[in-house]
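Chains, contacts and geometry: an overview
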Amino acid sequence: MTTASGKGKEDVLDDGTQRTELANPRTAGIDQWSVAKVLATMNDEDYRVPAAVGAVLPAIGQATQAFVDSLSIGGRVFYAGSGSSGRQAVLDAAELVPTFGEIGKRVIALISGGVATMLEANESAEDDQEAGQRDAHAQNMHPADTVIGIAASGRTPYVAGVLSAARARGAKTVAIVGAPGTLSRSVDIAICVDVGPEVVAGSTRLKNASAQKMILNMISTTAMIKLGRTYSHLMAGASSHNSKLNLRARRILETAAGVSAEQAELALGHCFGQ
């Protein structure tokens, strides 16, 4: 197993407090502050996220290569998460098809409690490890697949269930966590990103979720670039199903081919059968 962690702490500290539950000494008394001071402090805390992500780039690189390898040989990539982490997983996966084309359909998000929890939280579903195993088995995972579990706490039972079933079927496993723990010790590649205590203690939808989004964006975008889904820095497989996307497609073709707007419009019309 390969692990990278910003600071290398354990998930539970000497007094029994989990790292992602720690109170932030910089925000003590925040409920008495002005709106301007709260916002400025949150902004300052958010600046810590990119540095924390930068500290784990080697492990992010290994996860990206696993993503590329799976899609290159006809496999799939699964994201698995609960709560805020699951929503980050669904968000990244959902945006791949319109950005990079049909290959994005082979990136599949699993979220505890199902798609309904995107709109309404179901926190008890996070504790159902067997549900995670069932969801993984239902996907018929195999050795060509890569499974990325996302959990700020580093020990969410649903995610543990998905990853354990994936391992049993020979899939490559990755964990993106906010603290080393159960998940990071049981996967092939562990990305342990330490963003420090949240502005509101334990509210991992803040800095931890921001780090997760950044990491997923980096992994999937870099993978798609390496899989040939861009032409230089332009989208090469983007969908074109509304007026905004039609305009984008025309501009991409103008830039890539060095043609006029009219020529690009005509060529795209032939492609779309118009």
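Structure first, text after, so check above.
What this report covers is the structure whose coordinates are included nearby. Since this is a predicted model, take the numbers as computed values, not measurements.

1. Observations regarding the overall build of the chain
Summing up its helical and strand segments, the chain has ten helices and eight strands in all. Scaling as 2.2 N^0.38, a compact globule of 274 residues should have a C-alpha radius of gyration of about 19 Å, and the chain matches this with 20 Å. Judged by the C-alpha coordinates and their principal axes, the chain covers about 65 × 50 × 35 Å. Burial analysis of the chain (274 residues in total) assigns 44% to the buried set. For the chain, the accessible area works out to roughly 13200 Å², and carbon and sulfur atoms hold 53% of it. If the 25 positive side-chain charges of the chain are averaged to one point and the 27 negative ones to another, these points end up 5 Å apart.

2. Side note on helix α4 (residues 83–94)
Between its first and last C-alpha, α4 extends 16 Å over twelve residues, near the 16 Å set by a 1.5 Å rise per residue. Among all positions in α4, only Gly83, Ser85, Gly86, Gln88, Ala89, Asp92 and Ala93 are buried. Looking at the buried positions of α4, the neighbouring elements they touch are β2 (77–81), α5 (96–100), β3 (107–111), β4 (146–151) and α8 (207–226).

3. Focus: empty space enclosed by the protein
A complete count under the given rule lists two cavities of 30 Å³ or more for this structure. Approximately 60 Å³ is the volume attributed to the largest cavity. Volume-wise, the second largest cavity comes out at about 30 Å³. Forming the walls of the second largest cavity are Gly83, Arg87, Ser112, Thr117, Ala121, Asn122, Glu123 and Glu126. Tallied by class, the residues present in the lining of the second largest cavity amount to one nonpolar, four polar and three charged.

4. Regarding the layout of surface pockets
Put simply, the largest pocket is a space of about 450 Å³. Surrounding the largest pocket, 24 residues form its lining, Ser82, Gly83, Ser84, Glu126 and Thr204 being those nearest its centre. Looking at the lining of the largest pocket, the elements with two or more residues in it are α4, β4 and α8. Taken together, the residues of the lining of the largest pocket break down into six nonpolar, eleven polar and seven charged.

5. Quick look at unusual backbone geometry
Most peptide bonds are trans, and most residues other than glycine sit at a negative phi. Although it is not a glycine, Asn140 adopts a positive phi angle of roughly 50°. Structurally, the position occupied by Asn140 is in the loop between α6 (129–138) and β4.

6. Structural notes on the pattern of salt bridges
Applying the stated criterion across every chain yields a total of eight salt bridges. Two residues, Arg48 and Glu45, come together in a salt bridge whose shortest N-O distance is 3.3 Å. In this structure, a network of salt bridges that share partners links the residues Arg26, Glu45, Arg48 and Lys207.

7. A word on the pairing of β2
Of all five residues making up β2, five are buried, and the element is well covered by its neighbours. Burial of β2 is two-sided: the residues Val77, Tyr79 and Gly81 facing one way and the residues Phe78 and Ala80 facing the other way are all buried. Across five bridges, the pairing between β2 and β3 is parallel. By the bridge assignment, Tyr79 is partnered in β3 with Ala109.

8. Here's the deal with the environment of Val90
Secondary-structure assignment places Val90 in helix α4. The spatial distance from the C-alpha of Val90 to the C-alpha of Ile108 is 8.0 Å, given a sequence separation of 18 residues.

9. Here's the deal with the packing of helix α3 (residues 57–72) against α8
Contact pair α3 / α8: the axes reach a minimum separation of 9 Å and the direction vectors enclose 45°. The angle between α3 and α8 falls in the class oblique. In the packing of α3 onto α8, the handedness of the crossing is right-handed. In this structure, α3 contributes Leu57, Ile60, Ala63, Thr64, Phe67, Val68 and Leu71 to the contact, and α8 contributes Ile215, Met218, Ile219, Ser220, Thr222, Ala223, Met224 and Lys226. Counted by class, the contact of α3 with α8 contains eleven nonpolar, three polar and one charged residues.

10. Regarding the nonpolar core
For soluble globular proteins, the rule of thumb is that nonpolar side chains tend to be buried together. Counting residues in each nonpolar core, the largest one holds 33 residues, and the members touching the most others are Phe67, Tyr79, Val107 and Ile191. When residues of this core are assigned to their parent elements, the largest contribution, seven residues, is made by α3. One finds Ala131, Val159, Val162 and Leu163 within the second-largest nonpolar core, a separate group that totals 22 residues.

Procedures and definitions
- Residues numbered from 1 in each chain as written.
- Predicted model: local features only at pLDDT ≥ 70, side-chain atom pairs only at ≥ 80, totals over all residues.
- Heavy atoms only, no water.
- Helix = DSSP H or I, 4+ residues; strand = E, 2+ residues; numbered from the N terminus.
- Rg over C-alpha atoms; globule rule 2.2 N^0.38 Å.
- Buried < 20%, exposed > 50% of the residue type's maximum accessible area, 1.4 Å probe, protein only.
- Areas by Shrake-Rupley, 256 points an atom, 1.4 Å probe, with all protein chains shown as cover.
- Lys, Arg positive; Asp, Glu negative; His and termini not counted.
- Charge placed at Lys NZ, Arg CZ, Asp CG, Glu CD.
- Expected span 1.5 Å × (residues − 1).
- Contact = heavy atoms within 4.5 Å.
- 1 Å grid on protein atoms, 1.4 Å probe; cavity = no way out; pocket = protein on both sides within 12 Å on 5 of 7 lines; lining within 4 Å.
- Points joined across faces, edges and corners; volume = space filled by probe spheres on them.
- Nonpolar A, V, L, I, M, F, W, Y, C, P; charged D, E, K, R; others polar.
- Salt bridge = Lys/Arg side-chain N within 4 Å of Asp/Glu carboxyl O.
- Pairing = 2+ DSSP bridges.
- Axes fitted to C-alpha atoms, helices over the stretch in contact; angles between N-to-C directions.
- Parallel < 35°, antiparallel > 145°, perpendicular 65-115°, else oblique.
- Left-handed = near helix turned anticlockwise from the far one by under 90°.
- Core = buried A, V, L, I, M, F, W, Y, C linked by side-chain atoms within 4.5 Å.

Shape descriptors only; they carry no functional weight alone.
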